[in-house]
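Breakdown of the fold
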Amino acid sequence: MRKPNANGRIPNSGGGYIKECPVCGAPVKVRSSARITMVTTEYVGSCQAAGCGAQIKGFFTWVAFVSPSGLPKHGLDLPVVPEEERLRLWRHHVKGCESRQIDLIEQLESEEQ
């Protein structure tokens, strides 16, 4: 695990890209991050577009479990999303996947009706 620098930030080792620049839409490279709470991380990044170069700070926060952890004492008190939302998220996740398997969600929904 990388150690925080004097500012409490963890320097990025190679830099991943996160979202896009809100000014020009180009990729933003993460330069550093700092854990604020168990569920929130602050990121500082820079736009990679020539001529823009905006320096941007943002936050990433986990807000709910789609599927709760299997660990009995994980220490997080997050709500579990309602079943309808879990189904929507699952459909979005598998959208576009080519598979010859039966769609279990569709089968369960048809059985409920």
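Definitions and cut-offs
- Residues numbered from 1 in each chain as written.
- Predicted model: local features only at pLDDT ≥ 70, side-chain atom pairs only at ≥ 80, totals over all residues.
- Heavy atoms only, no water.
- Helix = DSSP H or I, 4+ residues; strand = E, 2+ residues; numbered from the N terminus.
- Buried < 20%, exposed > 50% of the residue type's maximum accessible area, 1.4 Å probe, protein only.
- Contact = heavy atoms within 4.5 Å.
- Areas by Shrake-Rupley, 256 points an atom, 1.4 Å probe, with all protein chains shown as cover.
- Pairing = 2+ DSSP bridges.
- pLDDT = per-residue confidence, 0-100.
- Salt bridge = Lys/Arg side-chain N within 4 Å of Asp/Glu carboxyl O.
- Core = buried A, V, L, I, M, F, W, Y, C linked by side-chain atoms within 4.5 Å.
- Polar contact = N/O pair within 3.5 Å; in protein donor to acceptor, adjacent residues only side chain to side chain.

In terms of helices and strands, the protein carries 2 helices and 5 strands. Along the protein, helices (α) and strands (β) appear in the sequence β-β-β-β-β-α-α when read from the amino end. Taking all 113 residues of the protein together, the buried fraction comes to 20%. Look at the contacts in the protein between residues 6 or more apart in sequence, and 16% of them connect residues 24 or more apart. Accessible surface, the protein as shown: approximately 9,100 Å² in total, 55% of it carbon and sulfur.

Right, let's get into the pairing of strand S4 (residues 40-47). Counting buried positions along S4 yields 7 of 8 residues, so the element is predominantly enclosed. Across 7 bridges, the pairing between strand S3 (residues 27-35) and S4 is antiparallel. Residue pairing across strands places serine 32 opposite valine 44, the latter belonging to S4. Taking the residues that link successive antiparallel strands as the turn, the S3-S4 hairpin has 4 residues.

Next up on the list: the confidence of the model for the protein. Taken over all residues, the pLDDT of the protein has a mean of 78, while the share at 70 or more is 66%. Highest mean pLDDT in the protein belongs to S4 (94); lowest belongs to strand S1 (residues 10-11) (52).

On to the pattern of salt bridges, then. This model, assessed by the stated rule, comprises 2 salt bridges. Residue lysine 57 pairs with glutamate 42 through a salt bridge whose shortest N-O separation is 3.4 Å. Taken together, the residues span a long stretch of sequence, with lysine 57 in strand S5 (residues 55-61) and glutamate 42 in strand S4 at a distance of 15 residues. Taking relative accessible area as the criterion, lysine 57 reaches 53% and is therefore assigned exposed.

If you look at the biggest cluster of nonpolar residues, it comprises 5 residues: Cys21, Ala26, Val28, Cys47 and Ala54. Not counting the four nearest positions on each side in its chain, cysteine 47 is found in contact with Cys21, Cys24, Ala26, Pro27, Val28, Cys52, Gly53 and Ala54.

A separate point is the environment of threonine 61. For threonine 61, the location among the structural elements is in strand S5. Threonine 61 sits in the partly exposed class, given a relative accessible area of 37%. Through-space distance from the C-alpha of threonine 61 to that of threonine 41 is 6.6 Å; in sequence the pair is 20 residues apart. In contact with threonine 61, not counting residues within four places along its chain, are Val39 and Thr40. A distance of 3.0 Å separates the side chain of threonine 61 from the side chain of threonine 40, its partner in a polar contact.

Here we come to the side chain of serine 46. For serine 46, the position within the fold is in strand S4. For serine 46, a relative accessible area of 5% translates into the label buried. Of the polar contacts made by the side chain of serine 46, one reaches the side chain of arginine 31; its length is 3.0 Å. What serine 46 contacts, discounting residues up to four positions off in sequence, is Pro27, Val28, Lys29, Arg31, Ala54 and Gln55.

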